[in-house]
Amino acid sequence: MISRIRKKFALMCSVGMSQKQLTRMICCEGLIVVAVGLVLSILAGGGMGFILCGFLKQELMTYLKYQFPVGILLIYCIVVLLCSLAITEGVLRRQRISPQIDLLRG
């Protein structure tokens, strides 16, 4: 899988895409995927937490009150974004080191 992606990147560079354009494309794609994942996980996790707290409040724990964890959410978003950028940078660094012809040959 990774070798196919590296081949695709090498092919894009060989037909005229600059390293700056490739970097921008990969970063934008990665950030879009991360943003969609974050939104979906926040909505799903927040919804499940709200439903679970509502159920527990009715059945077992009448003192329970749902409070959305904003601080933890911010830390979670920052960690996920930093991990995504680190992975992207690692892929790009490895792509720059390898000669394009070797990447195209596979």
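Refer to the structure printed above.
Nothing here was measured: the structure is a model prediction, and the numbers come from that model.

This part covers the overall build of the protein. Within the protein one finds four helices and zero strands. Counting from the amino terminus, the protein carries its helices and strands in the arrangement α-α-α-α. The buried share of the protein, taken over its 106 residues, is 20%. Taking contacts inside the protein between residues at least 6 apart in sequence as the whole, the part at least 24 apart equals 68%. Accessible surface for the protein amounts to roughly 8,000 Å². Of this, 71% is attributable to carbon and sulfur atoms.

Turning our attention to the packing of aromatic side chains. A full pass over the atoms with the stated rule returns one aromatic pair. When the ring of Phe50 is compared with that of Tyr66, the centres are 5.5 Å apart and the planes differ by 85°; the resulting orientation is edge-to-face. Taken together, the residues span a long stretch of sequence, with Phe50 in helix H2 (residues 19-59) and Tyr66 in the loop between H2 and helix H3 (70-97) at a distance of 16 residues.

Taken as a whole, this structure holds one salt bridge when the rule is applied. The partner of Arg93 in a salt bridge is Glu89, and the shortest N-O contact between them spans 3.4 Å. With Arg93 and Glu89 both in helix H3 and four residues apart, the pair spans about one turn of that helix. Take Arg93: its relative accessible area is 48%, and that puts it in the partly exposed class.

Rules and cut-offs
As a convention, each chain's residues are numbered from 1 in the sequence order in which they are written. Restriction of local features to residues with pLDDT of at least 70 applies here, the model being predicted, together with a cutoff of 80 or more for giving and counting side-chain atom pairs; totals for whole chains, interfaces and linings are based on all residues. Only heavy atoms go into the side-chain values, all of them from the structure, while hydrogens and water stay out. Secondary structure counts use DSSP, requiring at least four H or I residues in a row for a helix and at least two E residues in a row for a strand, with both numbered from the N terminus. The classification of residues rests on relative accessible area computed with a 1.4 Å probe and restricted to protein chains. Under 20% of the type maximum is buried, over 50% is exposed, and intermediate values are partly exposed. Residues count as neighbours in contact if any of their non-hydrogen atoms are within 4.5 Å of one another. To be clear on the numbers: accessible area is Shrake-Rupley with a 1.4 Å probe, and residue cover counts the displayed protein chains and nothing else. Classification of ring pairs rests on two measures: the distance between centres of Phe, Tyr or Trp rings, Trp counted by its six-membered ring, which must be within 6.5 Å, and the angle between planes, read as stacked under 30 degrees, edge-to-face over 60 and tilted in between. Definition used for salt bridges: Asp or Glu carboxyl oxygen within 4 Å of a side-chain nitrogen of Lys or Arg.

The quantities given are spatial measurements derived from coordinates; they are silent on function.
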